[in-house]
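# Breakdown of the fold
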Amino acid sequence: MKKTAFSILFDLSEGLTFRDVQSPQEFRNGETAEVVCAVIGSLVPVVTWYYQGEEITEEHHSKFTVLPNNNLQIRQVTKADEDVYRCEAIVDARGKNPFVDIAVVVNVPPVLSVLQQYLNATADQESVTFNCMTTGSPEPVVTWHRKGRELEPSDQYNIIRLDGGRSMLTVRNIRQVDGGSYTCKATNKAGSQEREIILKVFVQPHITQLKNVTAAEGSAAMISCVAEGEPLPDISWRRASNGQTFVDGDKSQDGRFKVRGRHGKSVLTISGVRLKDLGRFDCAALSRIGDHRKSMFLDIEYIPKFLTNQTIYYSWEGNPVNISCEVMSNPPATMLWRRERLTISVEGTANTRVYNADGKSVLEVTPMSDRDFGRYNCTARNNIGVRYREFILAQAVDTELKHHGDADACYFELQCAESLSSGLGLVVGLGALLLLPVLVGLSCFFLRHCGVLTTSSKGKDREEGKAAYR
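Model, not experiment: these values are computed from the prediction.

Basis of the calculations
Residues numbered from 1 in each chain as written. Predicted model: local features only at pLDDT ≥ 70, side-chain atom pairs only at ≥ 80, totals over all residues. Heavy atoms only, no water. Pairing = 2+ DSSP bridges. Helix = DSSP H or I, 4+ residues; strand = E, 2+ residues; numbered from the N terminus. Axes fitted to C-alpha atoms, helices over the stretch in contact; angles between N-to-C directions. Disulfide = S-S within 2.5 Å. Buried < 20%, exposed > 50% of the residue type's maximum accessible area, 1.4 Å probe, protein only. pLDDT = per-residue confidence, 0-100. Contact = heavy atoms within 4.5 Å. Core = buried A, V, L, I, M, F, W, Y, C linked by side-chain atoms within 4.5 Å.

### Remarks on the sheet that holds strand E4 (residues 33-35)
Spatial ordering of the open sheet is given by E4-E9-E8, a layout of three strands whose pairing is antiparallel. Since the sheet does not close on itself, it has two edges, and those belong to E4 and strand E8 (64-66), each with one partner. Recorded for the sheet is a direction-independent mean angle of 20° between the axes of neighbouring strands.

### Quick word on the pairing of strand E6 (residues 46-51)
Taken together, the six bridges between E6 and strand E10 (residues 83-90) define a ladder with antiparallel strand orientation. Opposite Tyr 51, over in E10, you have Tyr 85 as the bridge partner. When E6 meets strand E7 (residues 54-55), the two strands line up antiparallel, connected through two bridges. Looking at the pairing, Tyr 50 lines up with Glu 55 of E7. Linking E6 to E7, which pair antiparallel, is a turn of two residues; within it Gln 52 sits at a positive phi near 55°.

### Let's talk about the state of the cysteines
Across all of its chains, the model carries four disulfides by this definition. The partner cysteine of Cys 37 in its disulfide is Cys 87, sulfur to sulfur 1.9 Å. Disulfide Cys 37 to Cys 87: torsion about the S-S bond roughly -90°, handedness left-handed. With Cys 37 in the loop between E4 and strand E5 (39-40) and Cys 87 in strand E10, the pair connects residues that are 50 residues apart, well separated along the chain. Comparing Cys 37 with Cys 87 shows no difference in burial state: the two are buried. Two residues share a disulfide in this structure: Cys 225 and Cys 283, whose sulfurs sit 2.0 Å from each other. Across the S-S bond linking Cys 225 and Cys 283, the dihedral sits near -85°, which makes this disulfide left-handed.

### Description of the confidence of the model for the protein chain
Averaged over every residue, the pLDDT of the protein chain is 83; the share at 70 or more is 80%. Here residues 5-13 scores under 50 on pLDDT; set against residues more than four positions off or in separate chains, the count is 23 contacts. Of the regions scoring below 50 in pLDDT, residues 400-470 engages in 129 contacts with residues more than four places distant in sequence or in other chains.

### So, the nonpolar core
Within the largest apolar cluster, 23 residues are counted, with the highest numbers of intra-cluster contacts made by Phe 18, Val 35, Cys 37, Trp 49, Leu 72, Ile 74 and Tyr 85. Of all the elements in the fold, those that place two or more residues in this core are strand E2 (17-23), E4, E6, strand E9 (72-74), E10 and strand E11 (99-114). At four residues, the largest contribution of residues to this core is made by E11. Setting aside anything within four residues of it in sequence, one finds Tyr 85 in contact with Trp 49, Tyr 50, Tyr 51, Ile 56, Phe 64, Leu 72, Ile 74, Val 100, Asp 101, Ile 102 and Val 104.

Take a look at the structure:
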């Protein structure tokens, strides 16, 4: 309402004047109002106040008082007291009663209410709307605030003001950082009022850290799983090879597996790592909002392990033989051969060749003399360690044919190496079987003899087949 200030001058002998009387005059609800009506004249005027056409007297209107300065006092003014009041100056000598009408306006401070003070939302899945209701006079202006800053309409915030003093704030695309306090504030001439609304944002569990781990055999492996969410999720482990699960505080029967967790982080410790521990481990983060799972792989590094059982090979001069050295290791091993502390190059020598493949190295030796028989060493090395294995190339021993009678025949003779034993044999002849004790652990070979057997011959036209056994 527009305020006006004016002076009314009457051409009276008394010189009465209403000076600077404002209308309307505004007051705050509940306070003691003093409606000003300044009358100036040569004679002291008598001022009478009227409310709704009736003269105001203290007998009939206990909350009204005409003050000595001719102003009207209204105690604990309310919206019901809002009206037009008449201030009339009476001068008995002339009987003329000038007056002025004054509008009294009562401003009521805002009163705020919220439909729901605490709201919940899930991040990345929804939006949330706050509602605020307000009353007051004049009609309050409603604003929304967060962290001391007034919110403006944007892609994230949508603000709607409806009739009846209702205001709505919608927060779109909720994130975890959107949780916290929001303030609805209503303001008018009589004052302001605020109400706080708390938004609790729940966040789906999310594993933020889980890496593959490599550990050396016999050492300790520590696997860490870090997860976030609101509320913080519980973390558990599952071993894929056997389905065994572990939670915070668990310990395996053999004591090698232990789990310790705190504040969204869980550490699975494996002591004395074994090759059988290799494989996948699953981490699960679980809360009442949902769950999230990830997997990692535990790789075990270990010193080379020889897979070859045969360590003694037999041959004779001019006959090539392959000596095989096979290992398993992680990381892959580098393999080389040595003879009398000298390394045999991959290119080989006149009577040796080296053939390498993944986890396997084959040394081909063609004995040319007695010097080529003896010990050969295979070395396998990786960053975990080195292993050695010795192989023996033994010279096969031939025997003479010993048979009486003229007949075509073949027989096999089991002969042990002279360097290891004096030799015990099993001889199979024509219709005859001779079994002699064979010492366990001796390396022996078969000789096959075929041809015409005579008493005077050492086995001319003899065909010999030799095969090595351990």
